[in-house]
Structure formats: structure tokens, C-alpha cells
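# Geometric and topological summary
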Number of protein chains: 2
Amino acid sequence: MITRYTFGNPVETYAVPQKPEACGKLLPFFERSEDGLTYSMKLNKDEIVYGLGEQIRGINKRGWTYTSFCADNPHHEEGTHSLYGAHNFLVFDREKPFGVFFDHPGEMTFDIGYSDLDTIKITARYPDTDIYIIDGETPYGIVRAFRKLIGQSYIPPLFGFGFQQSRWGYRCKEDVDRVLEAYSAYGLPLDSVCLDIDYMEDYKDFTVNSGRFPDFEDYVASLKKENIHLIPIIDAGVKIEEGYDVYEEGRENGYFCKKQDGSDFVAGVWPGRTHFPDFLNPDVRKWFGEKYYRLTEAGIEGFWNDMNEPAMFYSDEGLEKAKQQIQAVFSKEIDIEGFFALGGLMNSISNSPADYASFYHEFDGIRARHDTVHNLFGYNMTKAAAEAFAAKYPDRRLLLYSRASYIGAHRYGGIWTGDNMSWWSHLLLNIKMMPSLNMCGFLYSGADLGGFGADTSGDLLLRWLQFGIFTPLMRDHSAIGTLLQEPYRFGNIDAFRRTLQLRYRLMGYIYSEFMKAALEDECLFRPLAFDYPEDTFAKRVEDQLMFGESLMLAPVYEQNARGRYVYLPEDMLFVKFISLEEAENERFVEYLEDGTPYIAKPMPAGHHYIDVALDETHLFVRPGKLLPLLRPANTTAELDFTAPEVIAYPHGQKELAYRYYTDDGVTKDYTEASHFKNIVFTVK
Amino acid sequence: MITRYTFGNPVETYAVPQKPEACGKLLPFFERSEDGLTYSMKLNKDEIVYGLGEQIRGINKRGWTYTSFCADNPHHEEGTHSLYGAHNFLVFDREKPFGVFFDHPGEMTFDIGYSDLDTIKITARYPDTDIYIIDGETPYGIVRAFRKLIGQSYIPPLFGFGFQQSRWGYRCKEDVDRVLEAYSAYGLPLDSVCLDIDYMEDYKDFTVNSGRFPDFEDYVASLKKENIHLIPIIDAGVKIEEGYDVYEEGRENGYFCKKQDGSDFVAGVWPGRTHFPDFLNPDVRKWFGEKYYRLTEAGIEGFWNDMNEPAMFYSDEGLEKAKQQIQAVFSKEIDIEGFFALGGLMNSISNSPADYASFYHEFDGIRARHDTVHNLFGYNMTKAAAEAFAAKYPDRRLLLYSRASYIGAHRYGGIWTGDNMSWWSHLLLNIKMMPSLNMCGFLYSGADLGGFGADTSGDLLLRWLQFGIFTPLMRDHSAIGTLLQEPYRFGNIDAFRRTLQLRYRLMGYIYSEFMKAALEDECLFRPLAFDYPEDTFAKRVEDQLMFGESLMLAPVYEQNARGRYVYLPEDMLFVKFISLEEAENERFVEYLEDGTPYIAKPMPAGHHYIDVALDETHLFVRPGKLLPLLRPANTTAELDFTAPEVIAYPHGQKELAYRYYTDDGVTKDYTEASHFKNIVFTVK
């Protein structure tokens, strides 16, 4: 059961499409402070707290203070409080479990047993909020009820499940062509190349630099013949430049966020000085969203929305203030305090709270200071694009994913998890974050595989891809100035090829499981405890995931590791894909129809150590379940979904069935009965 | 066998007290580039590379590029290349293992299978170097031979093994008294309180602020009656202040590092503008070392030497240059490049390569630019103190530990591992670093328990202390501005008390094992593979350690964990110290003589999952071994070492023996036969 409690006059966020009536009763479980800003509750000793979507640390969120305030912060460290999303949904796994969603678009903090091991203390900046309490029998039941409440998750086109190669640094057609040639030469599958900010003219949204990308439309068309998609980036800030029509229109129509004095707010971002469209206003969304047509009409079918927390390198006011303060420090003989003040000044310029409190939104007849609705900004940029796509292409799916998000945005697009680093700990963070994202509705998501910032290494990229083949958004992305990170840069090409091909082999399963999860409000990635609620050990497992109905994943995420410990809540089939050379050394090898070797070893429930060499990818099949596998192809368009072969783990059953989903990958008739087929496997 | 290869004219570092003759033969194993700057070697697929002492990442150093250049860098992240020490010793675990020590005081980089998975490439800034190749039967045999080569490790007084409470922020006598009162009130054992920079007058070395610490000598004496020691910090830079005698003497005698033009080099550090004593010069060491007598004569028996990489917030020249550049950026309308240049400028001021190349040392008749001998600076500051102590107190041990170090410094003092963070990953880093430090001679060492920077939490501190009770230097230290971090700040006082008391219970074992390790060139902490060289799985284990002759450690280092996997290379006795409450729930509890409950469960060799609740400390006793335990006391001075009780794991043996070391904890007659006793345990 879901009950809504309303305090004050909350802003309408549209996180919940059909809001139940507010109940007017006392809020249960939590002690609410008199000022309405804090909510406290005792936690039981071993109670697990799930949720919060895009955040650092574990699946169990206990032991840290998390802040929901969409942040452009590339330092995803243990001490970080905010990432790019604000996902205020929690589930408490206690004798009588319950979930809570704070529909509150301003800053909130969640001190979950950090200051006090056994207390959760939630703090909002403003008392105005809608709170939903979700009762249920099990944590997973509560998650499903919540997912139903917030509405169906975004479904991308099939090509969005193909591998995407990206880099901040692909500047021109030649750069893209070189990547595509290498992919082709090395026989690596690929569906898309992402274009980061350099494809634009001076970082102006909806422009294409015609010097770097001459005949863009023809180029897009020629790539499409090869089933390759270009995915351009769109940034939140609109460059201030006389004659640039987006700027001119926005200014004339009053579509930009305004300062207290009514003038357009200025933020320094990639294009230099920019204005922020007021995405919270439906008219602005319609206007901005329709600008995407310039690119869709040029053949583009996918976008990534960036810098929409919104990120702000500086404001005019902030920069001027810092300048004065810095000059004041320099004007006298510098001492240690002065020196450290300098560093502090520089660090305080970007994304400053003062700047976020200095501009306004106007929508639904209200005027809201930005910081009070901060977490809705990126969400509504995504909504702007999605609404425009739905209007012009009602039957067609377009690819769309965003950096900033709020619950509600999951209906309009996916998210990637932002500017991580080429760190092993960020591979583990990726693993731990996926189920939390799913709980909050974000099914189409993934991390920058190999790491965005810092230099990657061949072993890190390979291990990360071995997990990345399971994330719906599978993208290798890296920052300018870092080591080139395409999978063909590190030798060991056979291992990279086998890994990427496995993604495409698994596509029938990944797509089926994704579609069923989206249509039926399920999680694609789940903590083990969701599937085995009676298993007290499963609750402890933080580095293994259930993936769809047939699989459990236990990725290797440590450097130099040659295996790992794994816990099986029930008997499972350990499947490991190995090289042809290795197959010659193994006694019990099986082969897929195309000769691909693998090991399939039933393992009893309990604890095991499994060997997994650097070039091997493994997974576990649950008892009585099937894993359909396709013949790999270079792109999703070339995959033959019709008659997958299967790896089966009968475990005593005579007949195994799998509910298999296929469609054309483009249209939206998701629930058409013919898309669902039953694959049956009979033990001979 | 150890062979020395000399190239060019290396500076005498005194890392090796008695250098074997250089052999004149071709350097084996490595391919040396013609310019003498790089050394390359192929690595076998699963070859493990040990060593490098104070560095990030694993016990197996493969997969990263490490730089030996003593650095004041509080960001101990995966992307970090240098910490505070420079320990150029490596061991290659291959069919015919060998070790190598690059005795080279300038910057060196070790790309150990990072750029290329199967190649190590070592690069020095200068070709002049002494290289020692150590052959042996096993990696541990090689380590012992190396340890013998570099001379006996520093041995602290017994009180140095007691718990130390520290914080940058204890400003005055009252602050210290409050800490001591709390320790006493909560019944927590403690031997020392460290004084960070605020005890000084304006951060001037060898001064005591008489306003904050009136009657310092009396205060030290009164604490000593309670067996409590104050451990003041000494920084490398000498404040420039007319009339400050250390400054005046240093300037008059030319004892400070000089610029090219012969003037004294100026660095901005805590006191503001300072000069760096030229510690590489024996006359300067003698002069500076004797200054410590001011404090030893006031009753002080221990010191920590800090900021001796040397850390440099800015130089006069660097600051002026940055100022001009910043003003140039501000003088025109700022753009994005200009804005990012500002941040870059600020970040380039501290510890800049240009500054390290702008001053000089004079010693042994040579003049050396600082950067060419950078890694000897902190080492020789430690040596300055140690030589002065040895001159005045030839029979007495004083406590001394340093932040910066080079191999050779291990003979003069210990090291702590610098400014870590209150991060769980830094607890794991602490665990992985201990054996590497031991390999390089640094036995007396430890991390800032609970973490220096960032806010700790009660669970992190408790888990960290549970490992910290095994590190010879056991200190809780934290930075100003972070959460107060004394163990009594977090409730759960019984768990903290039991943990600290266990340190004192273990003191007979820790002290014996430390002394034997120091006197016999052993490692106190060892990778499992050192003790079980034939066990191929043991080579993979990165998060368990052998500790002395009787114990294996497998610490819990993950938040919210209630246990962990552990690998036993042979049968072992799992010993877990539990609370009295918990003892009531357990079926098989044993009790120490004083009623302390514990569980002792024999476990067979192989893989296990063990339960370890947050307030429990566990260890493993090896078969046929004894663990002596003392009655806890409030200080080491009050411990009764005479007749320890034992936990024994006979494993079929009738009689078990343990070589037990005791002495007065102060004098230096280490090898006196009466210090070694044989504890015999007979199975009834």
C-alpha cells in the first residue's frame, strides 16, 4: 500500500504521474521535527537500507551521509556526498519492511547511520514536501510498488543496447572514421560513436561545425548504411552570441532563467558566457525540445544531455568577487592563511551555492529560486527532448540519456553515471550502483567503461568491459588528455573481441530482460537478497548481482586478481567463456554452435572460490533457467534474434521455459503479444 | 648473493652501510638503455612483483606506475604516483627469483606492467646509480638478505609500542589534559599524546609556547609520573625571524640550503617564510640534532619529524610568478581557457619541480642541486636527530618517527604513512602497505588510525583500530576541522576499550616479534606467500598477512561487513575476542584468566567465510604455535611481562615452545641472552 503525506505547499515535480490523495494522517516511522526539516528514525542493528539511486558506497547505504543535490563533481570518492542524480527513495529491510520517497526538489541530506550508527536522520532545506510511504511484504515488493507509482521506465531503441565508443576528443569526421576503421579492422562489434562537445560550432547547441563535419547529413546517412549511429551531445547552457538564433529566440521570448532583477542569468560553461533555458517551464521545454529536430532531421537518432545539473564553472558575479578577493590577498605580503585562502577562493567559484540561489524559474504560475528546485533542472531538460520526440515521432523510439536526473526523469531517458575515473574502485562502484539505479526507475544506464578521467590500463578496461557487457548502456568514454581508451589500444585483441562479441551474443537475453523489467516494473539488476529474502547470508553480499531472471553476476574487480570468492544462494551453473588456446588445456569444454568454447560447471549452493583469468568472462545460470545466446554480429541491426541457442541448467527439471521478447527495436508497440515467445528446452 | 653494479658517479646515500665492491660486470636481467636512464625487463604472465615500501595499491605491485619522489600529497588515491617515502627495492617472484635495489636519490619511476602488461620499465632522472642485485632461493630469502645489507632497523623504546593519541588541534595543556581525563574516565589504555604544530611558538622548531604550555618541564614530569609521554612534532623548515636563535645560528654558519646565487633559499611553510637546514651536511645534522636536546632536557623522550619531503607551500619566486600570471588572466575578459588556467596556476604553486630544482646542498665536498638528491632530505633530518640522541644518550632509546624517508632512514627512526583519509579504502591500503614497508626495513611504522583528513565514523575507527593493534606504531591522528576522533567519541565504549586492551594484552607477543624481526632481519608483516612459497593460492592473497611467527591476520575492512572470506594455507586456530554479552549467546566460549571471553575454533586449511561482528577482533594461530597474552594495563610501563598466559594451537604436538623477548624497554643491550626466554606449553 502506498500512502501520501503532504507537508506545506510542495512544488509539483511530476515525479509521480498519478498522485494518490494526501492522507492527512500522521507520518509513521519517522519523528518529524517541529520546523518540518528533519525526519529521524532508529535503525535496527543489522537492518539494511537500500536505495538512493546514483550515489557512492554500497548497495546497503548505511554508514554515510548522502546529499541529494545534482552535482557536477568528478571526484567520486568515499568522501563525496553528491553525484549527478537526486533519487530520494529508500527501502528499509526490517521485520515489517517499508519504503519512503521524498518528492522534494531542493537539497536533502540522508545521514544513514553515519553520525550515529543506529539512527537515520533526513534533512530537507524546506518543509514543503510530498512523502510517500510504501508498505509491502518484502523489500523487492516495495520497490516494484514504487516503480509502478512513478511510471514506466524509458525504453531506448535496440541500437541503444549496442556498444558505444566515445571520447571527449573526437573532433572531426576523420577522427570518427579512424575509430570505425579500427573497429572494422579488428573485427570488433559497435553500434554507435558519441560526439562530445567538439562537433559543435563554438559549443553552440544544435549546431554542427561544418569544417570538421562537412555534409553532416550525408555523413550520418552513409554511416547508417553501415548500421552505425552518431550520438551527439547537447549541453544545458546556450551560448550568448549575437545572431545565434537559439540565443536570440530565447532572449526575445524570455525563455532563460532570470536573476532577481529580471535580467537573464549568465553562467560560464564550455561556450563561455551562456544562459540557462528555464526547462521547468513547458513553453521553454517545447521550444528547446523542437531544436533537437535540426539534428533528427539530419538523421540523428540519439542524444546525450550533459552539463545539466546545471554545471557552472563560474557566474559573472562569482568571478568578479573572486577576482577582488584574490587581488586583496595579493595586495599585502602573503602569509600562510592568505595562501590557503587563495586556494579556497579558486575552489569556491564553480557550482557555488550563492550562484544557485541567484536565479529563478517561472512555471505553473509560480516563481521559484533555482536552489529550491535545483534537482528538477536536468530532469526537465531530458523531458524537453523526450516530449519533442514524442510529438514528432510518436511511434518511434529515440536514444536519450542524461547526466543529471531526478526520479521522474526515468520515464523520459536513461542516465550515464557521469565523470568517473579509470580506477578499479570505480568498476566496483559501477557494480554496486546498478541495482540502486534500477530501484529508482533508471533501467537504461551504465558507467563510462574504462573510466572517464585519469589514464586507464588494458587490464582495467578489459575487466570493466566484462561487467559492462551486462549494463544496458554500454559505452567506453574517456576525457581529453587521458590515455586513448578504445579497446584496440591495449593488445590482447582476442580477449577484447571475445568480450564485446559476448555482449552481442547476450543481446537476446539482455533485450528481453530489459523489456520485461520496463514493462513490468522489475529491476534488471537486483541485490541477491531481493531474490532470496529468506537467505540471511545473501543480505551481506555487496559484490554480486542478480541479472534478469536467469543469471547471477559475480564480476572480478580487483587488479591482478585471477579469481574471486562467490556465494551461491542455491545450486547454479558456473559458465565461463574461454579462449581457444585455453580450451586446449581444459578437460571439460563445451562449444557453442559456432565453435566458441566455454566451461559449464554445476556448483552447489554455498561459498566458492572461482578461477577467472584476465581474458575470461563468467556468469552463473540459475537452476531451471535458460540463457539464450545469439550468433554475434558487428551491429545490433545484423543480429538474428529468431532462433537463439541456449545454455540450460535443468537441475532435475525435464522441461525449461524462457519468456523471450523480440520486436523491431524501433516502434513502441511494446505490449503486442507477438513480441513474447516461449522458448522451451527439453532435456533429452 | 648480492652484487653491486655502479654506473657513473652516484652520490653516497649511506643506504647501504657496508657496500660490497662494485663488480664491473654487465647488469643482468634488465636491458639498460644507452643513456643509462631506463631499465626494462619482460615479466612472466603470473609473476608477482613485491616491494616499493610506502606506495599505493597492492602487495603485488603490478599494474601501475610508481614514482619515487618524496611527496607531501594527502591524496592517496588510485591515481597517485608518490607518497612520502622513496623505497626503490623490488623482488621478482619467478622461477629463479631475485631482488633489485636502486640506490638513487633522485626521482625514479617504476612502470610495473602498467603501460604494457608484461613489461617493467624503470626510469631514473640521472644515470648515476648504484644497483644491487640480490639472488636467493625464495622471495623472502631475498628480502632477508637485502635487510641484512641495509642494516638493522630502528628499535623504539617500549612506550613507543603503547597507544598514541594525536590530533592537529591539541593547542594547549588543557586540551591534552582533557584527553587524558577522558582516557582515564573511560578506562582506555594510553601511553602517549602527540603534540602537533600548535605547541610551538609561531611554529618555531624547538620552542614551546609558554602561554599554552606553562611550566612545560614540570608538566612533562608530572605526566611521566602517570607513565604518559608527550611526543612533540619537529618540522623541517626554520622560521625566518630576527632574534630566533635557530634561525640566526643557521644563517650565520651557512647551514641553510642555498640558491644558485648563494643566498638562503626561502620556502613558505607553516611558520610562513622559512629556510631549510641542509641536512645532507654532517655539520648541519650535528647542529640541528643537538637542538632536540632542548626538549629531551625538558623530559621529552619521543619526536615526530614532519614536512621533511620537504613540503613547500610556495617559494618566494613561485608565488610571485603565480601572482603575475593570475593578474594577467584577470587583466582581460576571462574565457574558459583563462578560467581553467587559474585553477592550474594555483595547483602548481606548492611542491613545484621548479622550486625543487632551485636550491642546493653541500656535503662530502660536493654541491648537489636539490632535485638530484631530493629523497635524502627527510632521511637525513631523521639521521640528524638520531645521531644527536646516540651521542648524548648512547644507552637509551628515544622514540623517533618521520614522514619522509629513503631506505637507510630505517636504521634511525620509524615512519608513519602520512596524511591519509578517513576512508575504508585507506584501512585496506594500510593493511597492504605494512609488508612492503617491512621489506624495505621500516618495521616501526603505522598509519593514522581512523584517518587523518576527512570525517571518520565510529565503525571505521573501530575496524581500523582492530587492525591497528598489530602495527608497531599505533596512533589515532586526525586533522583540524575534521570530526573529533578519539575512541571515546563514538559510544560503543566497551568495544573500543576491549580493542585497545587487546593491544596491551598482545604486547608481549608484539614486542617479542618486533625485536626478533629487527635483530634478525625478519619481516614482522609478511605476505602469505613468504611463509608458504609452495602454495600457489597463497600468492594471490592480498588482504591477509602473516604477523610474527604465530599469527595470521585477516582484517575486516569493508563498511557494514559482518565477516569476510579467508584462506588458510594450513590448519589454523580461529581466535575471536567477543563481548561478555555475546559470550552468553555462544555455545563454546573460553575465558582468559581475567574472565575475558573468546572463541577458539580450529579450522582446516582451505577457504572459509568467518563471522566477525563490528565489535569483535579476531586472529589466527598457526599450528604448533603459541600466542602469549598479558593482563592489560593502562600503560606499557604497568604491564607485567613476566608470566604471560598463552593461547596454544597444539595441532597434535605435545610440547609447544615460543621464544619470548623482554627487556627494560629503554636500554640498548638488545642481544643480552637473558632477554630471550623459552615459553613452553605442554599438552596435558
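No experiment lies behind these values; they were computed from the predicted model shown.

Attention now goes to the overall build of chain A. Helix and strand content of chain A: 16 helices and 41 strands. At 25 Å, chain A has a C-alpha radius of gyration in line with the 26 Å of a compact globule built from 684 residues. Each of the three principal axes of chain A carries a C-alpha extent, and together these read 80 × 65 × 60 Å. Residue burial in chain A is summarised as follows: out of 684 residues, 66% are buried. Taking all contacts inside chain A whose residues are at least 6 apart in sequence as the whole, residues at least 24 apart take part in 74%. Accessible surface, chain A: about 23300 Å² in total, of which carbon and sulfur atoms supply 49%. Treating the 69 positive side-chain charges of chain A as one cloud and the 102 negative ones as another, the clouds have centres 2 Å apart.

Time to look at the interface of chain A and chain B. The partner chain B presents 55 residues to the 55 residues of chain A that form the contact. Where chain A abuts chain B, roughly 4700 Å² becomes buried across the two surfaces, and 61% of that area is made up of carbon and sulfur atoms. Contact with chain B buries surface across chain A, with Phe330, Phe339 and Tyr565 of chain A losing the most and accounting together for 15% of the total. Applying the counting rule to chain A against chain B returns 4 salt bridges. With a closest N to O distance of 2.7 Å, Arg540 of chain A and Asp611 of chain B form a salt bridge. At the junction of chain A with chain B, the criterion picks out 26 residue pairs in polar contact (both at pLDDT 80 or more). When residues of the side of chain A that touches chain B are traced back to their parent elements, those giving at least two are strand E17 (267-269), strand E18 (272-275), helix H7 (316-331), helix H8 (336-349), helix H11 (424-439), strand E32 (563-568) and strand E36 (606-611) of chain A. Ranked by residue count, the leading element in the side of chain A that touches chain B is H8 of chain A, at 7 residues. Taken together, the residues of the side of chain A that touches chain B sort by class into 25 nonpolar, 15 polar and 15 charged.

Next up on the list: the sheet that holds strand E2 (residues 31-32) of chain B. Residue and element names in this part refer to chain B. Pairing is antiparallel across the open sheet formed by 5 strands, whose spatial order is E2-E3-E10-E9-E5. At either margin of the open sheet sits one strand with a lone partner, and together these are E2 and strand E5 (64-68). Looking at chain direction, strand E9 (residues 108-112) and strand E10 (residues 119-124) are connected through 5 bridges and run antiparallel. Counterpart to Phe110 in the pairing with E10 is Ile122.

Here we take up the relation of the copies chain A and chain B. Superposition of chain A onto chain B requires a rotation of 180° combined with a translation of 0.0 Å along the rotation axis, giving an RMSD of 0.0 Å. The symmetry that links the two subunits is that of a two-fold axis. Taken as a fraction of all interface residues of chain A, those also at the interface in chain B reach 100%, which identifies the copy contact as same-surface.

With that settled, the discussion passes to helix H13 (residues 493-505) of chain A. Spacing of three or four residues puts side chains on the same side of an α-helix, whose turn is 3.6 residues. Over its 13 residues, H13 of chain A extends 18 Å from the first C-alpha to the last, a length consistent with the 18 Å expected when each residue adds 1.5 Å. Packing partners of the buried residues in H13 of chain A comprise helix H2 (173-186), helix H12 (458-468), helix H14 (507-519), strand E33 (572-577), strand E37 (617-621) and strand E38 (625-629) of chain A.

All told, the structure shown has 101 salt bridges over all chains when counted by the stated rule. Among the ionic pairs, Asp175 of chain A bridges to Arg178 of chain A, the shortest N-O distance being 2.8 Å. Placement of the pair is Asp175 of chain A and Arg178 of chain A together in helix H2, with a separation of 3 residues, close to one helical turn. Glu78 of chain B serves as the salt-bridge partner of Arg57 of chain B, at 4.0 Å between the closest nitrogen and oxygen. Of the two residues, Arg57 of chain B sits in the loop between strand E4 (48-51) and E5 while Glu78 of chain B sits in the loop between E5 and strand E6 (85-86), which places them 21 residues apart along the sequence. Take Arg57 of chain B: its relative accessible area is 13%, and that puts it in the buried class.

Scored by pLDDT, chain A comes out at a mean of 97, with 100% of its residues at no less than 70. For this predicted complex, the interface score ipTM comes out at 0.97, while the overall pTM is 0.98.

The subject of this paragraph is the nonpolar core. Of all hydrophobic cores here, the largest spans 455 residues; its most connected members are Phe30 of chain A together with Phe30 and Phe89 of chain B. Counting 41 residues, the second-largest nonpolar core is a separate cluster that includes Ala554 and Phe620 of chain A together with Met572 and Phe574 of chain B.

Moving on to the domain arrangement of chain A. Residue and element names in this part refer to chain A. Here chain A is described as being made up of domain 1 (2-150), domain 2 (158-239 + 277-313 + 374-506) and domain 3 (508-682). Spacing between the C-alpha centres of domain 1 and domain 3 amounts to 32 Å. Summed over both partners, the interface of domain 1 with domain 3 comes to about 1200 Å²; 57% of that surface belongs to carbon and sulfur atoms. Looking only at domain 1, the three residues that lose the most surface to domain 3 are Ile59, Tyr140 and Arg147, adding up to 51% of its buried area. Taken together, domain 1 and domain 3 are joined by 2 salt bridges. We note a salt bridge from Glu522 to Arg144, for which the minimum N-O separation is 3.7 Å. One can count 7 residue pairs in polar contact (both at pLDDT 80 or more) joining domain 1 with domain 3. Counting residues per element, the ones that place at least two in the side of domain 1 that touches domain 3 are strand E4 (48-51) and helix H1 (139-150). The leading source of residues in the side of domain 1 that touches domain 3 is H1, at 6 residues. Looking at side-chain class alone, the side of domain 1 that touches domain 3 contains 6 nonpolar, 2 polar and 4 charged residues.

All names here are of chain A. Two elements in contact, H12 and H13, have axes separated by 9 Å at closest approach and are oriented at 15°. One way to sum up the angle between H12 and H13 is to call them roughly parallel. In the packing of H12 onto H13, the handedness of the crossing is left-handed. Between H12, through Gly458, Leu461, Leu462, Leu465, Gln466 and Gly468, and H13, the contact on the second element is made entirely by Ala495, Phe496, Thr499, Leu500 and Arg503. Among the residues forming the contact of H12 with H13, the class breakdown is 6 nonpolar, 4 polar and 1 charged.

With that out of the way, let us pick up the sheet that holds strand E14 (residues 229-235) of chain A. All names here are of chain A. Strands sit in the order E26-E25-E23-E19-E14-E13-E12-E28-E27 across an open sheet of 9 strands; the sheet is parallel. Edge positions in the sheet fall to strand E26 (445-446) and strand E27 (448-449), since each has one partner strand and no second. The sheet contact formed by E14 and strand E19 (residues 302-306) spans 3 bridges and is parallel. When the sheet's bridge partners are listed, Ile234 is paired in E19 with Asn305.

Before going further, it helps to spend a moment on empty space enclosed by the protein. One pass over the full model with this rule turns up 11 cavities of 30 Å³ or more. When its volume is computed, the largest cavity comes out at roughly 110 Å³. Taken together, Leu427, Arg463, Gln466, Phe467, Phe470, Leu553, Ala554, Pro555, Val556, Glu616, Thr617 and His618 of chain B make up the lining of the largest cavity. Elements represented by at least two residues in the lining of the largest cavity include exactly helix H12 (458-468) and strand E37 (617-621) of chain B. With 3 residues, H12 of chain B is the largest single contributor of residues to the lining of the largest cavity. In terms of residue class, the lining of the largest cavity is built from 7 nonpolar, 3 polar and 2 charged. Counting the residues that make up the lining of the largest cavity, at least three belong to each of domain 2 (158-239 + 277-313 + 374-506) and domain 3 (508-682) of chain B. When its volume is computed, the second largest cavity comes out at roughly 80 Å³. Around the second largest cavity sit Arg463, Gln466, Phe467, Phe470, Leu553, Ala554, Pro555, Val556, Glu616, Thr617 and His618 of chain A, which together line it.

Turning our eyes to something else, we now look at the pairing of E33 of chain A. Two faces, one strand: in a regular strand the side chains alternate between the faces of the sheet. Residues and elements named next belong to chain A. In terms of residue burial, E33 counts as a mostly covered element, since 6 of its 6 residues are buried. Judged by which residues are buried, E33 turns out to be covered on both faces: Met572, Phe574 and Lys576 on one side and Leu573, Val575 and Phe577 on the other are all buried. Examined bridge by bridge, E33 and strand E35 (residues 597-603) share 6 bridges and lie antiparallel to one another. Note that in E35 the partner of Phe574 across the bridge is Lys601. The sheet contact formed by E33 and E37 spans 5 bridges and is antiparallel. Each bridged residue has a counterpart across the sheet, and for Lys576 the counterpart in E37 is His618.

Let us look at unusual backbone geometry. Residue Pro310 of chain A follows Glu309 of chain A across a cis peptide bond; omega there is -5°. By secondary structure assignment, the location of Pro310 of chain A is in the loop between E19 and strand E20 (314-315). The phi dihedral of Asn227 of chain A is positive, around 65°, even though this residue is not glycine. When you line up the elements, Asn227 of chain A lands in the loop between helix H3 (216-225) and E14. Look at His651 of chain B: it is not a glycine, yet its phi comes out positive at around 50°.

Parameters and conventions
Along every chain, residues carry numbers that run from 1 in the direction the sequence is written. Both sets of labels track the order of writing: A upward for chains, 1 upward for ligands. Residue-level local features of this predicted model are given only where pLDDT is at least 70; pairs of side-chain atoms are given and counted only at 80 or more, and the full residue set underlies all totals for whole chains, interfaces and linings. With hydrogens and water excluded, all non-hydrogen atoms of the structure serve as input to the side-chain values. Each helix is a run of DSSP H or I of at least 4 residues and each strand a run of E of at least 2, with the numbering of both proceeding from the N terminus. Each radius of gyration is computed over the set of C-alpha atoms, and the globule rule expresses the reference value as 2.2 Å times the number of residues to the power 0.38. Type-normalised accessible area, obtained with a 1.4 Å probe on protein chains alone, sets the label of each residue: buried when under 20%, exposed when over 50%, and partly exposed for intermediate values. The contact rule is simple, with two residues in contact once any of their heavy atoms fall within 4.5 Å. A 1.4 Å probe and the Shrake-Rupley method give the accessible areas. Residues count as covered only by the protein chains that appear here. For this count, His and the chain ends are skipped, Lys and Arg are scored as positive, and Asp and Glu as negative. Charged groups are reduced to one reference atom each: NZ for lysine, CZ for arginine, CG for aspartic acid, CD for glutamic acid. Once two parts are put together, the accessible area they lose, assessed with a 1.4 Å probe and summed over both, is termed the buried area. Each salt bridge in this description consists of a side-chain nitrogen of Lys or Arg and a carboxyl oxygen of Asp or Glu lying within 4 Å of one another. Polar contacts, as used here, are pairs of N or O atoms within 3.5 Å; protein pairs need one atom able to donate a hydrogen and one able to accept it. Residues neighboring in sequence count only if both atoms are side-chain atoms. Gly counts as polar in this scheme, as do all residues outside two lists: the nonpolar Ala, Val, Leu, Ile, Met, Phe, Trp, Tyr, Cys and Pro, and the charged Asp, Glu, Lys and Arg. Two strands are counted as paired when DSSP detects at least two bridges linking them. Alignment of the copies relies on least squares applied to C-alpha atoms, considering only residues that score at least 70 for pLDDT in both. What a helix should span is 1.5 Å times the count of its residues minus one. Known as pLDDT, the predictor's confidence for each residue is given on a scale from 0 to 100. What we call a nonpolar core is a set of buried Ala, Val, Leu, Ile, Met, Phe, Trp, Tyr and Cys residues that are connected through their side-chain atoms within 4.5 Å. Domains are outlined according to an automatic or database domain assignment. Axis definition: a line fit to C-alpha positions, over the contact stretch in the case of helices; interaxial angles, taken between N-to-C directions, run 0 to 180 degrees. An angle below 35 degrees is treated as roughly parallel, one above 145 as roughly antiparallel, one from 65 to 115 as roughly perpendicular, and anything else as oblique. Here a crossing is taken to be left-handed if its near helix is turned anticlockwise relative to the far helix by less than a right angle, and right-handed if that turn runs clockwise. Residues are called lining when one of their atoms sits within 4 Å of a cavity or pocket point, these points coming from a 1 Å grid over the protein atoms alone, where a cavity is a set in which a 1.4 Å probe fits but cannot get out and a pocket is an open set with protein on both sides within 12 Å along at least five of seven lines. Grid points are joined across faces, edges and corners, and a volume is the space filled by probe spheres set on the points.

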